[in-house]
Structure formats: structure tokens, C-alpha cells
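Structural features, examined
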Amino acid sequence: MIGIFDSGLGGLTVVRAIMDRLPGYDIVYFGDTARMPYGSKSPRTVVDYARQDSMLLIRKGARLVLMACNTASSVAFEPIARRLETPVFEVVTPAVETALQCSRNQRIGVIGTRATIGSAVYERKIKNRQPDAAVYSVACPLLVPLVEEGWLRKPETKTIVKKYLTPLKNRQIDTLVLGCTHYPILKHIVQHKIGKQINVIDSSLAVAEKLAAYLTDQPSLLHALPQTGRVRLLVSDITPQFESMAQMLLQQKVELEQVRLPVDL
Ligand code: DGL
């Protein structure tokens, strides 16, 4: 199975892209709803959570683990990928590569959680590839709770997005990275507030593409992955909002299974 995790709903944007790019492959998803948001936790706590999430997925049968969470990818990918034998994937690098492909003036904005922005991972990875690039980052800690609440069209959400984007408005950016997997769910508002001429990057397609390319190079792993089209959704706390939002994002009826962390490990 392809194992995918996030703190909550956001990683389902990546699940959707993988279902489209690798149709029929079984997926086991874990949303750590009891402990979200991750973005306001310290790096050490995020590493602990991400390690437990990865182990949980492996014990449930995942043959590879995708951190569909920028926060975990930013602070926990290296320590975890180094220690696990199972292949681990992250979502920051595909977003960086897509942003650099799209940007003409190399002036790139990044929005993400406090932990992601605090890690400066986007700036580092962009400048490693393009030293002349200018990167402007803004932490948007209120957006994840708004998405989890399903406040996708409320005026309050629009006001908050506008306020977060204001510092980026006079930076002459031509590209804005949605550096959190929850944010594509608010892409319509972000695009409207930042301006329609700006490339707004949702990395989920690039992540799915990267995974597909990896699997093409690893035919034995690809053929070992079950293909019954099953998408198992595990959560650490069942909430009605998660269920209805998951149904909307995956466009199918979902059944949530509760797991307890770390006691089920
Ligand atoms: N989707 C997660 C990310 O990409 C949200 C983190 C959070 O729970 O704050 O960073």
C-alpha cells in the first residue's frame, strides 16, 4: 500500500492527486486529527509525531511513506528518512521545483505554517537551485484551523487570507507557493486575493508525478503494491467535519477508522 499522512485533512489533497495519477493503487492514509495542528508545535514534537505516523502506516502495510504535510516534510523528513528502511517522500522539493519552473522573475512568495516558515526550508531549497532568487515567506497559522472547520467561503476567511497576503503584495512576486497541504483547499480565495496574474503553486500534482516516476524506476516495488482501489482512512480522532470534508475532497463515500497513538504502535 501507499502510506500517506498529514496532521489532518490537508494531505487528502495529495491523496486525490495520487488517486488520479496512480489509479487503482491501494492507499492507507493517516490524519492525526487528535494532535493537529502540527504547524504550531516545536520541531522536536513534529519529529516525534511524524515518526509515530510513519511507523503506524508501515505497520498497517505501507511499502512507502509519503509525508503529505509540509510541516513534517520541513523538519522531520531528514531524521526519519535516514532511519527507516521504507522509502520516505516529502512534499517540499516538488513544490520548489514547480515554483522555479513557473517563475519568470525569480521572485517567489511562500505561505505555510509557523514551523514550515520558521525552518526556512523553502528559502534554502530555492536558493540552492537558484541563488539569485528572492524568497518572501509568511506564516499563516490561522488557515489550517479554518480549513479543518470547513470555513471555505466565509467572509472571515477571506479577510484573514487578505491580511496574510498583504506583505507579499508589493514584493513583485510572480509565483506564490502554497507551502501547506491544507491551503489548496483555499486556493480560490488565495488566487483572488493575490491577483490572477500570479502563479499559485499547489504541489500535489508534482508530488504525485514524482512518486509515479520513482515507482516506474522500481518495478519490483510497483508490482508488489496491491491494486484493489481501496483507500483506507485512519484518524486519531473521529469528527463529523473530517468525514464530510474528506467526502468532498475525495468525491466518494468514506469510512473513518480510529487508531490511538502511540498506544496502538
Ligand atoms: N497540512 C499540514 C502542512 O502541510 C498542516 C500542518 C498543521 O497541522 O499545522 O503543513
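Residues numbered from 1 in each chain as written. Predicted model: local features only at pLDDT ≥ 70, side-chain atom pairs only at ≥ 80, totals over all residues. Heavy atoms only, no water.

**Points about the overall build of the protein**
The helix and strand inventory of the protein stands at 12 helices and 10 strands. Compactness check: the protein gives a C-alpha radius of gyration of 17 Å against a globular reference of 18 Å for 265 residues, within 12% of the reference. Oriented by its inertia axes, the alpha-carbon framework of the protein measures out at about 50 × 40 × 35 Å. Sequence-distant contacts in the protein: of pairs separated by 6 or more residues, those separated by 24 or more amount to 74%. Of the accessible surface of the protein, which amounts to about 11800 Å², a share of 49% is contributed by carbon and sulfur atoms. If the 33 positive side-chain charges of the protein are averaged to one point and the 24 negative ones to another, these points end up 6 Å apart. (Helix = DSSP H or I, 4+ residues; strand = E, 2+ residues; numbered from the N terminus. Rg over C-alpha atoms; globule rule 2.2 N^0.38 Å. Contact = heavy atoms within 4.5 Å. Areas by Shrake-Rupley, 256 points an atom, 1.4 Å probe, with all protein chains shown as cover. Lys, Arg positive; Asp, Glu negative; His and termini not counted. Charge placed at Lys NZ, Arg CZ, Asp CG, Glu CD.)

**What about the packing of aromatic side chains?**
Using the criterion set out here, one finds 2 aromatic pairs in the structure. Between the aromatic rings of Y38 and Y49, the centroid separation amounts to 5.3 Å while the plane-to-plane angle is 50°, which identifies the pairing as tilted. In this pair, Y38 is assigned in the loop between β2 (27-31) and α2 (43-59) and Y49 in helix α2, connecting sequence segments 11 residues apart. By relative accessible area, Y49 is classed as buried at 16%. Between the aromatic rings of F89 and Y214, the centroid separation amounts to 4.8 Å while the plane-to-plane angle is 75°, which identifies the pairing as edge-to-face. Here the residue F89 occupies a position in strand β4 (residues 88-89), and Y214 occupies one in helix α10 (residues 204-217), the gap between them amounting to 125 residues. Classification of F89 as buried rests on a relative accessible area of 14%. Its relative accessible area of 25% is what places Y214 among the partly exposed residues. Geometry around Y49 places R35 over its ring, the cationic atom sitting 3.8 Å from the centre. Directly above the ring of W151 sits K154, whose terminal nitrogen or CZ lies 5.0 Å from the centroid. (Phe/Tyr/Trp six-rings, centres within 6.5 Å; stacked < 30°, edge-to-face > 60°. Buried < 20%, exposed > 50% of the residue type's maximum accessible area, 1.4 Å probe, protein only. Lys NZ or Arg CZ within 6 Å of the ring centre and 35° of its normal.)

**What to know about the sheet that holds strand β10 (residues 256-258)**
Neighbouring strands of a sheet are bound in pairs by backbone hydrogen bonds; such pairs are parallel or else antiparallel. Taken together, the 6 strands give an open sheet; going across it, the order is β4-β3-β1-β2-β9-β10, and neighbouring strands pair in parallel fashion. Of all the strands in the sheet, just β4 and β10 have a single pairing partner and so form its edges. Bridge count between β2 and strand β9 (residues 231-235): 5 bridges; the pairing is parallel. In the strand pairing of β9, I27 is matched with V231. Together, β1 (2-6), β2, β3 (64-67) and β9 form the strand contacts of α2, whose direction differs from that of β1 by roughly 150°. (Pairing = 2+ DSSP bridges. Axes fitted to C-alpha atoms, helices over the stretch in contact; angles between N-to-C directions.)

**A look at the nonpolar core**
Among the nonpolar cores identified, the biggest contains 63 residues, and I2, L12 and I18 are the most heavily contacted of them. Broken down by element, the residue count for this core peaks at 6 residues, all from helix α1 (residues 12-21). Residue contributions to this core reach at least three from each of two domains, namely domain 1 (2-90 + 205-258) and domain 2 (92-203). Excluding anything up to four places from it in sequence, I2 contacts I18, L22, Y25, D26, I27, V28, L64, L211 and L225. L57, V75, F77 and I80 belong to the second largest nonpolar core, which has 25 residues in total. (Core = buried A, V, L, I, M, F, W, Y, C linked by side-chain atoms within 4.5 Å. Domains from an automatic or database assignment.)

**Quick look at helix α12 (residues 240-250)**
When we look at burial in α12, the residues that qualify are F242, M245, A246, L249 and L250. All buried residues of α12 fall inside an arc of 120° around its axis, so they share one side. Looking at the buried side of α12, the elements it contacts are α1, β2, α7 (143-148), β9 and β10. Q251 lies just past α12 and shows a positive phi near 55°. (Arc of directions from axis to C-beta.)

**Focus on the environment of S236**
Assignment of secondary structure puts S236 in the loop between β9 and α12. Judged by its relative accessible area of 7%, S236 falls in the buried class. In the structure, S236 is positioned 200 residues away from M36 in sequence and 9.7 Å away in space, judged by C-alpha atoms. When sequence neighbours within four positions are dropped, the list of residues in contact with S236 reads F30, G31, D32, T33, A34, R35, Q258 and V259.

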